[in-house]
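# Breakdown of the fold
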Amino acid sequence: MEEAHFEEMKKKHREHPKVNVPGSKDQLKEVWEETDGLDPNDFNPKTFFKLHDANEDGVLDEQELEALFTKELEKVYDPKNEEDDMVEMEEERLRMREHVMKNVDTNQDRLVTLEEFLKSTESKDFNNPPDGWQTVEETQIYTEQELRRFEQELVAQEAALNQKAEELRKEHEVLQQRKIELDAQKKEFQQAVIQMEQQKSQQAAAQAVGPNGELKFQAQVQEVAAAEKANPEAQQGSEIHPAPPGEAPHPGDKAVETPQETHVQNQQ
């Protein structure tokens, strides 16, 4: 039922008066008569141009051209009719505008000058246009051959995209495997570093233990070695001659060490 209703609406939409070719003499004379209210027998292209140059800048721009097609569009589209699509009407307006631009705007600057407009009125298509204008629903945009070629291109593009996707998938798998290998190598390297640190710690601990199992500190060992090197006579031991009471020791005499000083030196 919906399909039947849709076909009926399409049929009703096609039942409209003849649409003049945009930019033709018949189309402009219709605007001259019905919109401008002038006698069609007095049609003058130069006067028509000046009437519809709304901002008087000497050219017809896109909006001024589109305004010329309102009467033709009203033959096909009526907002009160269910079968008429107003969005399609605006699409039709743009088609008409582009048709005029293509045939009249010779320098393609999207503006129609008076000179371009008057020159177009001298052409054959202006005075003897094709029999009516085919609206968008009456025009076959693509031929069957063009549609088949387009479908073949889509199939080829889809195949190329699928092949590229497969190549990317394989590259992704290779990269994932490489990442796993690098993570394993990184883990092995970290373990090796930890083992080396442990070995260094064990060696340092072994050097800090004396021959009788007592703990010794590296700083103390270095200080003792330096002292022995600076004063080798201390290893042999020397007599200490105390000075007589009240007398200062001679410069050549060795200093008298008290038991407290001897104890402190031994501790050092």
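Chains are numbered independently. Their residues run from 1 in the order of the written sequence. Local features in a predicted model are, by the rule used here, given only for residues with pLDDT of at least 70; side-chain atom pairs are given and counted only at 80 or more, and totals for whole chains, interfaces and linings are based on all residues. Excluding hydrogens and water, the side-chain values take into account all heavy atoms of the structure.

Take the overall build of the chain next. Check the secondary structure of the chain and you find 12 helices and 2 strands. The way it works is that DSSP assigns letters per residue, a run of H or I at least four long becomes a helix, a run of E at least two long becomes a strand, and they are numbered from the N terminus. Taken from the N to the C terminus, the helices and strands of the chain come in the order α-α-α-β-α-α-α-β-α-α-α-α-α-α. Summary of the burial criterion: residues with accessible area below 20% of their type's maximum are buried, those above 50% are exposed, and those between are partly exposed, where the area comes from a 1.4 Å probe applied to protein chains only. Here the chain, with 268 residues, has 20% of them falling under the buried criterion. Residue contacts are counted whenever heavy atoms from the two residues lie within 4.5 Å of one another. In the chain, the proportion of contacts linking residues at least 24 apart, taken out of those at least 6 apart, comes to 56%. Within the structure as shown, the chain displays about 20,800 Å² of accessible surface, and the carbon and sulfur contribution to it stands at 52%. Computed with a 1.4 Å probe, the accessible areas rest on the Shrake-Rupley method; for each residue, only the protein chains presented here act as cover.

This part is about the UniProt feature "domain: EF-hand" (unreviewed entry) in the chain. UniProt positions are given in the numbering used here, feature names are shortened, and annotations may be inferred rather than shown by experiment. When the UniProt feature table is mapped to this numbering, "domain: EF-hand" (unreviewed entry) covers residues 40–75. What you have in residues 40–75 is 56% helix and 6% strand, and the ends, taken at the C-alpha atoms, are 19 Å apart.

When two rings of Phe, Tyr or Trp (its six-membered ring) have centres within 6.5 Å they constitute a pair, described as stacked for plane angles under 30 degrees, edge-to-face for angles over 60, and tilted for the intermediate range. Summed over all chains, the structure comprises 4 aromatic pairs. On the basis of an interplanar angle of 75° and a centroid distance of 5.4 Å, the ring pair of W32 and F43 is categorised as edge-to-face. Linking W32 in helix 2 (residues 25–34) with F43 in the loop between helix 2 and helix 3 (45–52), this pair joins segments that are 11 residues apart in sequence. By relative accessible area, F43 is classed as buried at 15%. Consider the rings of F49 and F117, whose centres lie 5.6 Å apart with planes at 50°: the pair is tilted. Taken together, the positions of F49 in helix 3 and F117 in helix 7 (residues 114–120) put the pair 68 residues apart, joining distant regions of the chain.

A separate point is the pattern of salt bridges. A pair is scored as a salt bridge if a Lys or Arg side-chain nitrogen falls within 4 Å of a carboxyl oxygen belonging to Asp or Glu. This model, assessed by the stated rule, comprises 16 salt bridges. A salt bridge links K12 to E83, with the nearest nitrogen and oxygen atoms 3.9 Å apart. Note that K12 is positioned in helix 1 (residues 2–14) and E83 in the loop between helix 5 (70–76) and helix 6 (86–104), a separation of 71 residues in sequence. The partner of R97 in a salt bridge is E66, with the nearest N and O atoms 2.7 Å apart. Residue R97 is located in helix 6, and its partner E66 is located in helix 4 (residues 62–67); the two are separated by 31 residues in the primary sequence. Of the two residues, R97 and E66, neither departs from the other in class, the shared state being buried. One connected set of salt bridges, linked through shared partners, spans E62, E66, R97, E98 and R110.

Summarising the element assignment, H5 is placed in helix 1. Polar contact criterion, stated in full: a pair of N or O atoms within 3.5 Å, where within protein one must be able to donate a hydrogen and the other to accept it, and residues adjacent in sequence count only if both atoms are side-chain atoms. A polar contact of 3.0 Å, which involves the side chain of H5, links it to the side chain of E82.

Further remarks concern the packing of helix 2 against helix 3. Angles shown run from 0 to 180 degrees and are taken between the N-to-C directions of axes, each axis being a line fitted to C-alpha atoms and, for helices, limited to the stretch in contact. As a packed pair, helix 2 and helix 3 sit with axes 11 Å apart at the nearest point and diverge in direction by 60°. It follows that helix 2 is oblique to helix 3 by the angle criterion. Helix 3 is crossed by helix 2, and the crossing has left-handed handedness. On helix 3, the residues touching L28, V31 and W32 of helix 2 are T47, F48, L51 and H52. Ten residues, namely Ala, Val, Leu, Ile, Met, Phe, Trp, Tyr, Cys and Pro, are considered nonpolar, four, namely Asp, Glu, Lys and Arg, are considered charged, and the remaining ones, Gly among them, are considered polar. Tallied by class, the residues present in the contact of helix 2 with helix 3 amount to 5 nonpolar, 2 polar and no charged. Our angle categories are set so that under 35 degrees counts as roughly parallel, over 145 as roughly antiparallel, 65 to 115 as roughly perpendicular, and the remainder as oblique. Take the far helix as the reference: if the near one is turned anticlockwise from it by less than a right angle, the crossing is left-handed, and if turned clockwise, right-handed.

Turning our attention to the side chain of E116. In this fold, E116 is placed in helix 7. Within the local environment of E116, its side chain forms a polar contact with the backbone nitrogen of N107, the two atoms lying 3.4 Å apart. Beyond its immediate stretch of four places on either side in the chain, E116 contacts V104, D105, T106, N107 and L111.

Time to look at the nonpolar core. In this text, buried Ala, Val, Leu, Ile, Met, Phe, Trp, Tyr and Cys residues form a nonpolar core when linked through side-chain atoms within 4.5 Å. By size, the foremost hydrophobic cluster in this structure holds 25 residues, and its most contacted members are F48, L65 and V112. Counting only elements with at least two residues in this core, the list comes to helix 2, helix 3, helix 5 and helix 6. It is helix 6 that contributes the most residues to this core, 5 residues altogether. For F48, the contacting residues outside a window of four places in its chain are L28, V31, W32, D36, F43, L68 and F117.

A word on unusual backbone geometry. The phi torsion at E56 lies on the positive side, around 55°, for a residue other than glycine. Residue E56 is classed as exposed on the basis of its relative accessible area of 70%. You will see that Q108, though not glycine, has its phi angle at about 55°, which is positive. In this fold, Q108 is placed in the loop between helix 6 and strand 2 (112–113).

This part takes up the environment of L65. When you line up the elements, L65 lands in helix 4. You can call L65 buried: its relative accessible area is 3%. Taking C-alpha positions, L65 is 9.6 Å from R93, a pair spaced 28 residues apart along the chain. Setting aside residues no more than four positions away along its own chain, L65 makes contact with L60, R97, V100, M101 and V112.

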